[in-house]
Amino acid sequence: PRRWAGAGAAFALTLATAPAQAAQRARAVAPNASDPSAGGDVIAWAAPGGIGYFRQGATTWQAPGAHPAVGGGRLAWIKDEAVHVQGAAPAELVFPAPGANALAVGAGWVAWRATENGRDVLHSARLPTGAPGPSLVADAGRELGRPAIDGDALLFHRPTATGASVAKLDLATR
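The rules we used
Residues numbered from 1 in each chain as written. Predicted model: local features only at pLDDT ≥ 70, side-chain atom pairs only at ≥ 80, totals over all residues. Heavy atoms only, no water. Helix = DSSP H or I, 4+ residues; strand = E, 2+ residues; numbered from the N terminus. Buried < 20%, exposed > 50% of the residue type's maximum accessible area, 1.4 Å probe, protein only. Contact = heavy atoms within 4.5 Å. Areas by Shrake-Rupley, 256 points an atom, 1.4 Å probe, with all protein chains shown as cover. Phe/Tyr/Trp six-rings, centres within 6.5 Å; stacked < 30°, edge-to-face > 60°. Pairing = 2+ DSSP bridges. Salt bridge = Lys/Arg side-chain N within 4 Å of Asp/Glu carboxyl O.

Digging into the overall build of the protein
Move 1: Summing up its helical and strand segments, the protein has one helix and 15 strands in all.
Move 2: When burial is assessed residue by residue, the protein has 34% of its 174 residues classed as buried.
Move 3: Taking the intrachain contacts of the protein between residues at least 6 apart in sequence as the baseline, contacts between residues at least 24 apart amount to 27%.
Move 4: Accessible surface for the protein amounts to roughly 10400 Å². Of this, 56% is attributable to carbon and sulfur atoms.

Describing the packing of aromatic side chains
Move 1: As enumerated under the stated definition, the model contains four aromatic pairs in all.
Move 2: Ring geometry for Phe54 and Trp61: centres 5.8 Å apart, planes at 35 degrees, overall tilted.
Move 3: Exposure remark for Trp61: the relative accessible area of 31% places this residue in the partly exposed category.
Move 4: Between the aromatic rings of Phe54 and Trp77, the centroid separation amounts to 6.5 Å while the plane-to-plane angle is 70 degrees, which identifies the pairing as edge-to-face. Placement of the pair is Phe54 in strand 3 (residues 51-56) and Trp77 in strand 6 (residues 74-79), with a sequence separation of 23 residues.

Observations regarding the sheet that holds strand 11 (residues 119-126)
Move 1: Pairing is antiparallel across the open sheet formed by four strands, whose spatial order is 9-10-11-12. Strand pairing shows two members of the sheet lacking a second neighbour, strand 9 (100-105) and strand 12 (136-137), which therefore form its edges.
Move 2: Here eight bridges tie strand 10 (residues 109-116) to strand 11, and the two strands are oriented antiparallel to one another. Residue pairing for strand 11: Ala114 is matched across the bridge by Val121.

Quick notes on unusual backbone geometry
Move 1: Cis geometry is adopted by the peptide bond preceding Pro128, which originates at Leu127 and carries an omega value of 5 degrees.
Move 2: Positionally, Pro128 belongs in the loop between strand 11 and strand 12.
Move 3: Non-glycine residue His67 carries a positive phi angle of around 50 degrees.
Move 4: Its place among the elements puts His67 in strand 5 (residues 66-71).
Move 5: A residue is classified by how much of its surface remains accessible, and His67, at 28% relative accessible area, is partly exposed.

Let's talk about the pairing of strand 15 (residues 163-170)
Successive residues of a regular strand alternate their side chains across the two faces of the sheet.
Move 1: Sheet topology places strand 14 (residues 153-160) next to strand 15; eight bridges connect them, and they run antiparallel. Looking across to strand 15, one finds that Arg158 is bridged to Ser165.
Move 2: Adjacent in sequence and paired antiparallel, strand 14 and strand 15 are bridged by two residues.

Looking at the pattern of salt bridges
Move 1: Within the structure shown, the criterion is met by one salt bridge.
Move 2: The shortest N-O distance in the salt bridge between Arg146 and Asp35 comes to 3.9 Å. Here Arg146, found in the loop between strand 12 and strand 13 (148-150), pairs with Asp35, found in strand 1 (residues 34-39); they are 111 residues apart in sequence, far enough to count as distant.

Okay, here's the thing in structure tokens:
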């Protein structure tokens, strides 16, 4: 029993003084890209010139529009002043979205940011019905960040006097 106590102390000392695990290096999955989105085994990103892409495994294809997003088994993009959602019944839902410039999609919701009358506005719609959900208008002179969806939660950032904060809106309870 006594010899284990010493061995345990030596083991603990070894753990405490061992170098930290080597930091991993991030690897590029899409060069010259921004605004990534991921859901399941699909990723999406924006490329210069308003082109968007989707990738599943080793297959990459151009999105039918800009600002692509994935989530909840759905693909979404913005084209011709409208938000398009694929993987919803019917096969594709289309929402009028003049000025839309950012997008998020999940199993039960789609949300987009648009500029309306000089202000950022976040809109949402329930999937697969397309029923309008809550909207949120930025205060004058303020912006609303790119939306993200997690279940019934809409997340986005907004600037504060000292930086920014992430806000959460429960879409199910309006």
